[in-house]
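Chain and residue survey
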There are 2 protein chains.
Amino acid sequence: MEYETPLFFRVMEYASQAEGDVIDMVSGNPDWEPPESLRDGLREYADLEPDAFQYPPSPGLHELREEIAARRGVDAEQVVVTNGAGEANYLAMARALERDRGDEIVLADPVYPYYPGKTTMLGGTQTYVSTAENGQLDPAAVREAASEDTAAIVANSPNNPTGAVYPEETVRELVAIAEEYDAVLVSDEVYDHFDLAGNFSSALEVESDHRIVTNAFSKSLAITGFRVGYAIFPPELVENAKSRHMLVNVAGSRPSQYAVLQALRETDPDYYERNRDLLRERVDAFTDALDAAGASYTEPEGAFYVMARFEDYPGTLENVFELIDEAGVAGMPGTAFGDSRSDWIRFALVTPRVEEAADRLAAYFE
Amino acid sequence: MEYETPLFFRVMEYASQAEGDVIDMVSGNPDWEPPESLRDGLREYADLEPDAFQYPPSPGLHELREEIAARRGVDAEQVVVTNGAGEANYLAMARALERDRGDEIVLADPVYPYYPGKTTMLGGTQTYVSTAENGQLDPAAVREAASEDTAAIVANSPNNPTGAVYPEETVRELVAIAEEYDAVLVSDEVYDHFDLAGNFSSALEVESDHRIVTNAFSKSLAITGFRVGYAIFPPELVENAKSRHMLVNVAGSRPSQYAVLQALRETDPDYYERNRDLLRERVDAFTDALDAAGASYTEPEGAFYVMARFEDYPGTLENVFELIDEAGVAGMPGTAFGDSRSDWIRFALVTPRVEEAADRLAAYFE
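For chain A, the name recorded in an unreviewed UniProt entry is Aspartate/methionine/tyrosine aminotransferase, with Natronobacterium haloterrestre as its organism. According to the UniProt record, the Sequence similarities (unreviewed entry) comment for chain A reads "Belongs to the class-I pyridoxal-phosphate-dependent aminotransferase family." Under the UniProt heading Cofactor (unreviewed entry), the entry covering chain A gives this text: "pyridoxal 5'-phosphate".

What follows is the structure, encoded as structure tokens:
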């Protein structure tokens, strides 16, 4: 079996070796501060007795599962704390395929490239549904693409890379389609705290035994390197997922889980609101400059990416390398996200220099 | 697909809910101090800039891979830092099966129960080779059990649960058998720092493209909850393993990796020697008391377990529960490790109360 290494790493490597000053807008790494209580949690943990340094319970620290369950309105037994959303999606997709109801995973195009990578690794096949230009997913198109062979539909809202946020009707319909085909909706909601326009709707709001919700604290607490995420399974699907988690990772990292628990308990809503405000400002600054440059772009409703299109300049890896060298701005090639966005380039708004970046792009394309 | 949840968790849960005082000798959680530099590493990390809280490189922090590579005499490109030895073994076994040279995994009996669990999860089949009563693995028996369908031989030395340490000739022969059958030796060496009799030999000392070595800092630094381990692959096997690691976990926990790097750099050999001395004392105290009780046992050459057998008292889960309730000592049923040790019970020497535990057992069986 061969896997394709995500392009992210090739682009980041190229950007880091470039000669001039490059504004890095490649990867979804927040550049803002984690909550102070998270740092306090780590400091506190460093002084604990040796037994606190040993295996946490395999599905996660008990209090952390309870905290997540209370916030999400589910039973703690349904929660598996994972090594980030990456492992959460892996467990969810594996669980769907293990039901032996089919091998097909229905994905949106454009797609977050880890999903097709995981599908291949798990022995499944990909079926793509093109989204509208604004990134919205049409449930009718998903229903048409789905079949008796569908094991899962993977949805991501707020969406990476398009910034689309699916309305409640879409989420409800996606769950219904999963039920119709005896499949599972895997709803990756890792950007839920970056619902910039207030349209977000969680799949947890739709009661069903056919949906798994995945999430992480990577983005909401600005700690992509801590690797603390979770998946919420229907009761009859959770046991095998816990076993797989145990057989792959034994457990997650306890200092990370401890610090996240502290941060969840002590961080007030202002923290999240401030980060949303920051992103709204950056979206405005970046898109205003893109307007001035005559570029097309999608106005994100959520997450922290803007996809832009420059005339006669397709979103190839070659062009992205050229922009790094010639314009001093690093984005992600649209080709990384599937066929439908091959003319586009994705920019992550994780730098205070978004306006400068857009100005550089404008100057380059002038 | 169904997996059996390791018995560990059932026994630990039972022990934790018992009424009286129970000496916990179930799981391999060190009860001694991690190095102070590890704590310092965490404290230092807590004060770093936000960019240090984001994704580490997927195969691990660069300096940590370099440090491991230098210590093990390999190229850093061959090293994948994993979420503990658990993920390292998972990646190694998956990589062996992906070579499409067979579906069979050759395992020793008694066996560390995660190996057969991972085998089933990965779609392989188990073939067992019984070890001698002292836990030694006879290469001739492994050669006989192996076949053209063999994907991997999984060896663990120092061994959990027997305490056997395989001599250099055994390790050399296991690599040779893997080569003969175009298979891979997966050598799990997580207890290498607990080579109590000085007989340990790493598979890294045998040059071959047919061996993968796995390890972790869980036991050597007394941090099973940090989840930092590694696998060393032959150059032609490493790329796909990195891809799988990325697709499953994205990356490991950065605070954990940072603290481990600090500890590796600053912990002197005395730390490891002190812990070996402590274990040698505990082995002596525990086995002396077992002698007095007339029990049979295996004298461990490494790792930190003693397997004991009491007359007419097989190592069933039921009997282990009874010992928890009636004797106040919690061990692991021998049945958890395969057929050949079903008369035995494993005790982990991770409590200062080993002598008291043996006395309690002696009193119970008197």
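There's more to say after this.
1. Observations concerning the overall build of chain A
If you tally the helices and strands in chain A, you get 12 helices and 13 strands. Here the C-alpha atoms of chain A give a radius of gyration of 20 Å, agreeing with the 21 Å that 2.2 N^0.38 yields for 366 residues. Overall, the C-alpha framework of chain A stretches about 60 × 55 × 40 Å when taken along its three principal axes. Sorting the 366 residues of chain A into buried and exposed places 66% on the buried side. Long-range pairs, those at least 24 residues apart, make up 75% of the contacts in chain A with a sequence separation of at least 6. Of the roughly 12800 Å² that chain A leaves accessible, carbon and sulfur atoms contribute 44%. A distance of 5 Å separates the average location of the 28 positive side-chain charges in chain A from that of its 68 negative side-chain charges.

2. Notes on the relation of the copies chain A and chain B
Mapping chain A onto chain B is achieved by rotating through 180° and translating by 0.0 Å along the same axis, at an RMSD of 0.0 Å. With respect to symmetry, the two chain copies, as superposed, fit the operation of a two-fold axis. Measuring from the rotation axis to each C-alpha of chain A, the shortest distance belongs to Arg-43 of chain A, at 2.7 Å. Of the interface residues in chain A, 100% have counterparts in chain B that sit at the interface too, so the contact is made through matching surfaces.

3. Quick notes on the sheet that holds strand 5 (residues 150–156) of chain B
Strands belonging to one sheet form pairs held by backbone hydrogen bonds; the direction of such a pair is parallel or antiparallel. Residues and elements named next belong to chain B. Read across the open sheet, the seven strands follow the order 2-8-7-6-5-3-4; overall the sheet is mixed. For this open sheet the edge positions go to strand 2 (79–82) and strand 4 (125–130), each flanked by a neighbour on one side alone. Each adjacent strand pair in this sheet contributes to an overall mean axis angle of 20°, direction not counted. Contacts between helix 8 (residues 235–249) and the sheet are confined to strand 2, strand 6 (184–188) and strand 7 (211–216), with strand 2 contributing the most and set at about 20° to the helix.

4. What about the packing of helix 8 (residues 235–249) of chain A against helix 5 (residues 114–121) of chain B?
When two helices pack together, their arrangement is captured by the angle between the axes and the distance separating the axes. Relative to each other, helix 8 of chain A and helix 5 of chain B sit at 115°, their axes nearing to 10 Å. Regarding helix 8 of chain A and helix 5 of chain B, the two cross each other, and that crossing is left-handed. The residues of helix 5 of chain B that touch helix 8 of chain A, namely those facing Arg-244, Met-246, Leu-247 and Val-248 of chain A, are Tyr-114, Gly-117, Lys-118 and Met-121 of chain B. Among the residues forming the contact of helix 8 of chain A with helix 5 of chain B, the class breakdown is five nonpolar, one polar and two charged.

Criteria and thresholds
Residues numbered from 1 in each chain as written. Chains lettered and ligands numbered in written order. Predicted model: local features only at pLDDT ≥ 70, side-chain atom pairs only at ≥ 80, totals over all residues. Heavy atoms only, no water. UniProt positions renumbered as here; feature names shortened; annotations may be inferred. Helix = DSSP H or I, 4+ residues; strand = E, 2+ residues; numbered from the N terminus. Rg over C-alpha atoms; globule rule 2.2 N^0.38 Å. Buried < 20%, exposed > 50% of the residue type's maximum accessible area, 1.4 Å probe, protein only. Contact = heavy atoms within 4.5 Å. Areas by Shrake-Rupley, 256 points an atom, 1.4 Å probe, with all protein chains shown as cover. Lys, Arg positive; Asp, Glu negative; His and termini not counted. Charge placed at Lys NZ, Arg CZ, Asp CG, Glu CD. Least-squares fit on C-alpha atoms with pLDDT ≥ 70 in both. Pairing = 2+ DSSP bridges. Axes fitted to C-alpha atoms, helices over the stretch in contact; angles between N-to-C directions. Left-handed = near helix turned anticlockwise from the far one by under 90°. Nonpolar A, V, L, I, M, F, W, Y, C, P; charged D, E, K, R; others polar.

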